[in-house]
Amino acid sequence: MKALVLAGGSGTRLRPFSYSMPKQLIPIANTPVLAHVLNSVRELGVTEVGVIVGNRGPEIEAALGDGARFGVRVVYIPQDAPRGLAHTVSIARPFLGDDDFVMYLGDNMLPDGVVEIAEDFTRQRPAAQVVVHKVSDPRSFGVAELGPDGEVLRLVEKPQHPRSDMALIGVYFFTAAIHEAVASIAPSARGELEITDAIQWLVTSGADVRARIYDGYWKDTGKVEDVLECNTHLLDGLTPRVDGQVDAESVLVGRVVVEAGASVVRSRIEGPAIIGAGTVLRDSHVGPHTSIGRDCTVTDSRLEGSIALDEASVTGVRGLRNSLIGRAASVGTTGPGTGHHCLIVGDHTRVEVAA
């Protein structure tokens, strides 16, 4: 089996961050989403991965390299414009050949893994197998209507009156049968080749199309609030480790990771939290569910439930909560204050708030 990872989306819902970095490289627990995806793919025993990239391809290639550090071999497949998920299958055909493959959206997080679902696909080999997750409001999703044995009877995109609460999420398994389906469909009303249309073509043609329910944690990291929530979830499973320097006046409570080269001085960290390599934390309090990236500086501040990306600095801010601070961004103070701040600060931006 091969893998096709989609990393060509523009990430409009994650602006301002997606102006300066691909949304698939936003870090969750100090690890880019795409790195989490490649680790999940490797868990399936897959070692050949095609990564679909758009105009941010060079940045993604710089982050992933040849895939060796993830135990896979990565081939980059450029897409000139967003033309739909089924279009990515079409342009990846030279890489995929007639092999079975898993298609994985590069901004989706399924940290509990899909190993058992992949094993079912390999054992039964339906023409296609979709992964579904029960949602409270199916109207925002592609929805699968299922038969009693998990067979897909119909796929409906964002139905106003859904007859199922099983939403398609960002993982699909295909045999080579999908290529005929992709070649047989026309662009949708929005001008894209929809993977749901291709799968529905298989259903209508009488092919065996199955669904497997994923009961674990799932998050599409397309919005800032989703990134923060997913960060919280992953940090809850953190294994504590101290490889950096922590002075005698500092206190670490609970699951805390201090990476090599980080320095904690006269500070308190309440886990789960992670302090990235090269970061200096001084006279500060880091509360639960906080990730601070590499080479940051945090001085005389208090953060909780937040993410600071690499090279960010926070100085004199005592109430930073549920915030996302971009790369090399700077948050300072204009003077005394007692309020709490929920900030979204883009890369290389300076913001001043009341302390």
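All right, on to the layout of surface pockets then. Where empty space is left can be seen by rolling a probe of water-molecule size over the atoms. The computed volume of the second largest pocket comes to approximately 330 Å³. Its residues placed into classes, the lining of the second largest pocket shows 7 nonpolar, 3 polar and 4 charged.

This part takes up the packing of aromatic side chains. Under the criterion given, the structure shown has 4 aromatic pairs. Relative to Phe 174, the ring of Phe 101 lies with its centre 5.4 Å away and its plane at 45°, an arrangement referred to as tilted. Of this pair, Phe 101 sits in strand β6 (residues 101–105) while Phe 174 sits in strand β11 (residues 166–174); the two residues are 73 residues apart in sequence, bridging distant segments of the chain. Taking the relative accessible area as the measure of exposure, Phe 101 reaches 0% and is therefore buried. The structure contains a cluster of three or more aromatic residues connected by ring pairs, namely Phe 101, Tyr 172 and Phe 174. Note that Lys 2 overlies the ring of Phe 95, its terminal NZ or CZ placed 5.0 Å from the centroid.

Below, the discussion takes up the sheet that holds strand β20 (residues 273–275). Spatially, 7 strands are ordered β14-β17-β20-β23-β26-β29-β31 in an open sheet, and the strand pairing comes out parallel. Edge positions in the open sheet fall to β14 (241–242) and β31 (344–345), since each of these has one partner strand only. When strand β17 (residues 256–258) meets β20, the two strands line up parallel, connected through 3 bridges. Its bridge partner being in β20, Val 257 is matched across the sheet by Ile 274.

With omega at 5°, the peptide bond leading from Gly 271 into Pro 272 counts as cis. Inspection of the secondary structure assignment puts Pro 272 in the loop between β19 (268–270) and β20. With a phi close to 50°, Arg 125 is a non-glycine residue in the positive phi region. Checked against the element boundaries, Arg 125 lands in the loop between α6 (115–124) and β8 (128–134). Even without a glycine there, the phi angle at Ala 328 is positive, about 55°. Inspection of the secondary structure assignment puts Ala 328 in the loop between β29 (324–325) and β30 (330–335). Note on Ala 328: relative accessible area 27%, which makes it partly exposed.

Basis of the calculations
- Residues numbered from 1 in each chain as written.
- Predicted model: local features only at pLDDT ≥ 70, side-chain atom pairs only at ≥ 80, totals over all residues.
- Heavy atoms only, no water.
- 1 Å grid on protein atoms, 1.4 Å probe; cavity = no way out; pocket = protein on both sides within 12 Å on 5 of 7 lines; lining within 4 Å.
- Points joined across faces, edges and corners; volume = space filled by probe spheres on them.
- Nonpolar A, V, L, I, M, F, W, Y, C, P; charged D, E, K, R; others polar.
- Phe/Tyr/Trp six-rings, centres within 6.5 Å; stacked < 30°, edge-to-face > 60°.
- Helix = DSSP H or I, 4+ residues; strand = E, 2+ residues; numbered from the N terminus.
- Buried < 20%, exposed > 50% of the residue type's maximum accessible area, 1.4 Å probe, protein only.
- Lys NZ or Arg CZ within 6 Å of the ring centre and 35° of its normal.
- Pairing = 2+ DSSP bridges.

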